[in-house]
Amino acid sequence: PYAVDPTVLPDGTIIRMNPELAGFWYAPDEVFENILDEEHEWWVQDAHCVIDAFKNILQHDSYNFLRGRLDYSRMGIFGHSFGGSLGLQVCRERVDIRACVDLDGIVFGPESKRMEMVAVPCMFIMADTEVTDQELLNHNIARSKYNKLVVPRHPRLLFPRLANDSFYATIKNSDHNDFGDI
């Protein structure tokens, strides 16, 4: 909630995206990085919370039907876009996650963490198309800003540093939104 638009809760409540996040492209460079890197940290902490909840299912939990049915020795994590970056960071911070798949996600988080080694096998499945000048123009984003803020976060920079049966694949004739349900 507040980080994607819209989020619809089970009771029908609609939560809109935080306007600061929605306008991140138009923020000054340092604000752009701070907004997204801070949000990334929230998502990572949320993932830890969910994983811990599943590992500690109590009898009164609404999802207690899963109790005793999950194999915690075979957990993996995957995500698209921002979620792919989340998966990488969770793998850095937990020893109980055994693999990660990043679906066309660039690497977010503080610069000090971005290119840290990931100890588990990772698979990067990336879109074939890069952002065109026309797409950037349509969104009023300068190529120089894109090159400064996005290109250094591309997983192709992290991939060569990984040693554990990691893979990097590009899906021919695909673009970023082909990996989601937008």
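Residues numbered from 1 in each chain as written. Predicted model: local features only at pLDDT ≥ 70, side-chain atom pairs only at ≥ 80, totals over all residues. Heavy atoms only, no water.

> Mind showing me how you'd approach the sheet that holds strand β4 (residues 97–103) here?
Where strands meet in a sheet, backbone hydrogen bonds hold them as pairs that are either parallel or antiparallel. The four strands lie next to each other as β3-β4-β5-β6, forming an open sheet whose pairing is parallel. Looking at strand neighbours, the two that pair on one side only are β3 (75–80) and β6 (167–171), the edges of this open sheet. Sheet twist, expressed as the average angle between the axes of neighbouring strands with direction ignored, equals 15°. For β4 and strand β5 (residues 122–127), the ladder comprises four bridges, and the chain directions are parallel. The partner of Leu103 across the bridge, within β5, is Ile125. The strands that helix α3 (residues 82–93) touches are β3, β4 and β5; relative to β4, the one it contacts most, it runs at about 160°. (Pairing = 2+ DSSP bridges. Helix = DSSP H or I, 4+ residues; strand = E, 2+ residues; numbered from the N terminus. Axes fitted to C-alpha atoms, helices over the stretch in contact; angles between N-to-C directions. Contact = heavy atoms within 4.5 Å.)

> Explain the packing of helix α2 (residues 29–55) against α3 here, please?
Axes are the key here: two packed helices are described by the angle between their axes and the distance separating the axes. Look at α2 against α3: their axes get within 9 Å of each other, and the N-to-C directions meet at 60°. Here α3 runs oblique to α2, going by the angle between their axes. At the point where α2 passes α3, the crossing takes the right-handed sense. For the pair formed by α2 and α3, the contact residues are Leu36, Glu39, His40, Trp43, Val44, Gln45, Ala47, His48 and Ile51 on the first element and Phe82, Gly83, Ser85, Leu86, Gln89, Val90 and Glu93 on the second. Its residues assigned to classes, the contact of α2 with α3 shows eight nonpolar, six polar and two charged. (Parallel < 35°, antiparallel > 145°, perpendicular 65-115°, else oblique. Left-handed = near helix turned anticlockwise from the far one by under 90°. Nonpolar A, V, L, I, M, F, W, Y, C, P; charged D, E, K, R; others polar.)

> Explain the environment of Tyr26 to me, please; I cannot follow it from the model alone.
Relative to the helices and strands, Tyr26 is located in the loop between α1 (19–22) and α2. For Tyr26, a relative accessible area of 51% corresponds to the exposed category. For the pair Tyr26 and Asn140, spaced 114 residues apart in sequence, the C-alpha to C-alpha distance is 8.4 Å. Ignoring any residue separated from it by four or fewer positions in sequence, one finds Tyr26 in contact with His139, Asn140 and Lys145. (Buried < 20%, exposed > 50% of the residue type's maximum accessible area, 1.4 Å probe, protein only.)

> For this particular structure, what's the right way to read the confidence of the model for the protein chain?
A low pLDDT means the predicted coordinates there should not be read in detail. For the protein chain, mean pLDDT is 90; residues scoring 70 or higher make up 99% of the total. By mean pLDDT, α1 is the weakest element of the protein chain at 82, and β4 is the strongest at 97. (pLDDT = per-residue confidence, 0-100.)

> Where do I start with the packing of aromatic side chains in this structure?
Two aromatic rings, taken as a pair, are described by how far apart their centres are and by the angle between their planes. In total, this model carries six aromatic pairs according to the counting rule given. Aromatic pair Phe82 and Phe108: ring centres 4.8 Å apart, planes at 50°, arrangement tilted. Of this pair, Phe82 sits in helix α3 while Phe108 sits in the loop between β4 and α4 (111–114), placing them 26 residues apart in sequence. Judged by centre distance (5.6 Å) and plane angle (55°), the rings of Phe159 and Tyr168 are tilted. Three or more aromatic residues link up through ring pairs in this structure, and these residues are Trp43, Phe82 and Phe108. (Phe/Tyr/Trp six-rings, centres within 6.5 Å; stacked < 30°, edge-to-face > 60°.)

> Would you take a moment to explain the pattern of salt bridges for this structure?
A complete count under the given rule lists 13 salt bridges for this structure. The salt bridge involving Glu41 is made with Lys113; its shortest N-O contact spans 3.4 Å. In this pair, Glu41 sits in helix α2 while Lys113 sits in helix α4, placing the two residues 72 residues apart along the sequence. The exposure class of Glu41 is partly exposed, given its relative accessible area of 22%. We note a salt bridge from Asp71 to Arg74, for which the minimum N-O separation is 3.3 Å. We classify Asp71 as partly exposed; its relative accessible area is 41%. A relative accessible area of 67% means that Arg74 is categorised as exposed. Here the salt bridges share partners, and the residues they tie into one network are Glu33, Asp37, Arg114 and Arg153. (Salt bridge = Lys/Arg side-chain N within 4 Å of Asp/Glu carboxyl O.)

> How should I be thinking about the state of the cysteines in this particular structure?
Simply put, the disulfide is a covalent bond whose two ends are the sulfur atoms of two cysteines. As enumerated under the stated definition, the model contains zero disulfides in all. Of the cysteine sulfurs around Cys49, a residue in no disulfide, the closest is that of Cys91, at 18 Å. What makes Cys49 exposed here is its relative accessible area of 53%. Summary of cysteine pairing: Cys91 is not part of a disulfide, and the nearest cysteine sulfur, belonging to Cys100, is at 4.4 Å. (Disulfide = S-S within 2.5 Å.)

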